[in-house]
Amino acid sequence: MATIDIAGVRKTYPGGVEVIRGIDLAIGEGELVVLVGPSGCGKSTLLRMIAGLERISAGTIAIGGRVVNDLEPADRDIAMVFQNYALYPHMTVRGNLEYGLKNRGTPRAEIDARVQEAARILEIDPFLDRKPRQLSGGQRQRVAMGRAIVRKPKVFLFDEPLSNLDAKLRAHMRVEIRRLQRALGTTLVYVTHDQLEAMTLADKLVVMNGGAIEQQGAPLDLYADPQTLFVAGFMGSPGMNLIDADRLRAAGTVLPDAIPAGTGVIGIRPEDIRLEHGQLEQGVDPALSLPARVEAVEIVGAESLVYAATGTAGVIVLRQPGFWPGRADTPVTLHLPLARLHCFGKESGRKLRLS
Amino acid sequence: MIENRPWLNALTHLVLIAGVAIVVLPVYLAFVASTHPDGAFVSGVMPLLPGTEFAANYGEMFRSGMANAGTPPLTLMLGNALVMAVVITVGKIAISITSAFAIIYFRFPGRVVFFWMIFITLMLPVEVRILPTFKVVADLGLLNSYAGLTLPLIASATATFLFRQFFMTLPDELTEAARVDGAGPLRFFRDILLPLSRTNIAALSVILFIYGWVQYLWPLLVTTDPRYYTIVMGIKRMVAVSDADPQWNLVMAAVMLAMLPPVVVVVVMQRLFVKGLVETEK
C-alpha cells in the first residue's frame, strides 16, 4: 500500500516527439485509479513510466514518498499485469507465480505459502502444474494477476488486462478485479481505452488526451459534469450529442438567453432528451425544441436507442426506456431541457456556465 | 490434397519409389563394394549382391587402416571427425546465441555496425577466405591441432542471424515481465531465452553437426599429420595412393562408416529437428 505522486512528468522521445506533456497526479493509498483515453493519448506510456519500463524525461514520480525516477522496475516494489499477459511459456503456472519471488531470494516455505494463497484467491489451484498454452484466455489472465499478487507489492499496474477477453468474461473479471483490490487494499493503477470499464472500476477516473490530463475525479462527476468537450464526447455510450451552436443560429433557431454568448457546441446526453410525437407536454420548460424525423431504432433489450435526424443539428441519439414503438420516418419533436444542456466554448472547448 | 483415387496413389508411390531408388542406389553399390574382396569392383563386371568379405574389410579398416595410403585406423579418424563436429556445433551455438542476445537486448554504441559486420560474413564462405584464414592459422601455430581444425569454422553468421530472428519474435512484454520480476540480463538469458530457444538449438545442432562432420577442404589443408585426419578427408587420402590401384573395397567400407554418425544424429534428433524448424513455442 502506498501513495503515488506524479509531479510535472514529461516524456520526450529522441527526435523531439513529446508524448506526455506535463502530468500532475496524486494517487491516494489503496485507491483504484483508472487512466482512460483514446489510443495514443499517452496513458500506457504514463503507466510504463510508473513501472520503470520507460525513462522519465522530466518531473518526478514518487511511490510511497520515495522518488523512483532512477530505480529499476524490480526495485520499485510494483507488480504489473500486461495486456497479452506475458506469461513465461516454458514454465508451469506455478513456475510463473514463483519466478519473481525466487529472484528475490524469498525462502522456499514462504514462496509455497504465497503461491497457495494466490492460487486459492484466484481459483487457479487446479492448473498449477499446467503450462500457459494449456489454459484458456480467462485462466491465463488469472495467472497474470496471480503473478502480481504473490509479490505483495505496494502498487499494482494493470495495462489493459481485459482487452483480450470476450465481453461476458470481461464483465465478470471487472467485478473480480474490483473485489480483489478491495480485499487486498493495494493501490492500483489501471489503464484502459474502454470507458465502460473505466466508469465501473474507478475510485478516481483520469481522462487523458494528447499526453495531458483532460479531467480527473469520481466517475459520476466526470459523467455528469464534463469540463471539456473531449471528456463530454468520450464518456458514455452512446456518447453525448454534440450540436454545433452556429449552425442552429444560422438556421434561425432562437437559443435561450441562458446559453452563454461564446458557446460553440451544445451537448446533451441521450437520456436527457424528451421525445414527443406531437405537441409539448404541459409544464415542461424546454430550452430548445427541434423537429426531427426518426432515422433508425436500435432495441437493446432494456432500452431503445432512437436516431433522429434533425435538419439543423445533425443526427441526435436518444435513449428511451424499454421497447420504443415508433418506426423509421416518424416525425417527432425533440425537447432539450435547459438544465441538462452542456455548453462548450467555441475556441477553448472548455465548459461554460449557464447564466 | 485429400483425395481417394487408387491410381493416383499408385502413381505417387511410383514417383516416390523411383526417387528413393535414384538416391539409394549409389549408397547400396558402395555397401556392396565394401563387402567384396580387393579388385572385385574394378574387374569389369560390377557385382550387385553383397559379397563375403564384410567382416574382413571392416575389420582391417578398424585395426590398421590402409597402410599403403598412410591413413590411420578408422577409429582415430572417426574420433577426430567427432571431436571436430561436436566442437564446431557447441562453439557455433554458444557464440551465435550470445551474440544475438547482445544485438537484440542491449543498446551499445556500434550495435548496428557489429550486426552488419556479422551479417556480411554470411556472404563469405570458408572457401572464399581460405587463403587468409590459412595464413592466420599457420602463423598462430595451429596447423595440425584440434584448435586449428575447429576455430576458423566456429564464427557463424547464419546461426547468429537465426537466433536474432527468433529473439525478435519474442514479445517485448516477456522481457519487461522478467525485468519487473527482478531478473537481470544474465538471469533472463538463462531462465527465459535459453529454454525458449531449445527447439531452435536442437534443429541447429543437427545442421551444424553434419556441417562439421562433412568438412573436407579445411581439414585437408591444415592437417598433414595423420593423427589429426578426419574421416571425410581421410577418404581422399585413401584414394590418392601412388604406384597401386585404390583398394575400393576398403575405401567403400570407410565411406559407409563415415555416413553412419550423421544418419544416427538425424534419426535421433528428427522429432526435435522438425519441431524446431516448423514451430516456435511462444
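Up top you'll find the structure we're talking about.
Let me sum up the structure you'll find in this document. Because the structure is a prediction, the values reported are computed rather than measured. (Residues numbered from 1 in each chain as written. Chains lettered and ligands numbered in written order. Predicted model: local features only at pLDDT ≥ 70, side-chain atom pairs only at ≥ 80, totals over all residues. Heavy atoms only, no water.)

## Description of the sheet that holds strand β12 (residues 263–268) of chain A
Residue and element names in this part refer to chain A.
(1) Moving on: A sheet is described by the order of its strands in space; here four strands give the open sequence β11-β12-β18-β19, paired in antiparallel fashion. Strands at the two margins of the open sheet, each flanked by one partner only, are β11 (241–244) and β19 (351–352).
(2) Moving on: With four bridges joining them, β12 and strand β18 (residues 342–345) adopt antiparallel strand pairing. When the sheet's bridge partners are listed, V265 is paired in β18 with F344. (Pairing = 2+ DSSP bridges. Helix = DSSP H or I, 4+ residues; strand = E, 2+ residues; numbered from the N terminus.)

## A word on the interface of chain A and chain B
(1) Moving on: Each partner contributes to the interface: chain A provides 25 residues, whereas chain B provides 18 residues.
(2) Moving on: Between chain A and chain B lies a buried interface of about 1800 Å² when both sides are counted; carbon and sulfur atoms form 56% of it.
(3) Moving on: The three residues of chain A that bury the most area against chain B are H90, Y99 and N103 of chain A, which together make up 28% of that side's buried surface.
(4) Moving on: At the boundary of chain A with chain B, the tally comes to three salt bridges.
(5) Moving on: For R48 of chain A, the salt bridge goes to E176 of chain B, with nearest N and O atoms at 2.7 Å.
(6) Moving on: For the pair chain A and chain B, the interface holds 14 residue pairs in polar contact (both at pLDDT 80 or more).
(7) Moving on: Listed by contribution, the elements that provide at least two residues to the side of chain A that touches chain B are β6 (78–81) and α2 (93–103) of chain A.
(8) Moving on: In terms of residue count, α2 of chain A provides more of the side of chain A that touches chain B than any other element does, four residues in total. (Contact = heavy atoms within 4.5 Å. Buried area = accessible area lost by both parts, 1.4 Å probe. Salt bridge = Lys/Arg side-chain N within 4 Å of Asp/Glu carboxyl O. Polar contact = N/O pair within 3.5 Å; in protein donor to acceptor, adjacent residues only side chain to side chain.)

## Some thoughts on the sheet that holds strand β4 (residues 58–63) of chain A
(1) Moving on: Read from one edge to the other, the open sheet built from four strands follows the order β2-β1-β4-β5 (chain A), with strand pairing classed as antiparallel. For this open sheet the edge positions go to β2 (17–27) and β5 (66–67) of chain A, each flanked by a neighbour on one side alone.

## Let's talk about the side chain of H342 of chain A
All names here are of chain A.
(1) Moving on: Assignment of secondary structure puts H342 in strand β18.
(2) Moving on: Of the residues examined, H342 reaches a relative accessible area of 6% and is grouped as buried.
(3) Moving on: A distance of 2.7 Å separates polar atoms of two side chains, one belonging to H342 and the other to K351.
(4) Moving on: For H342, the residues in contact, after removing those within four places along its chain, are A224, P226, M240, V265, I266, G267 and K351. (Buried < 20%, exposed > 50% of the residue type's maximum accessible area, 1.4 Å probe, protein only.)

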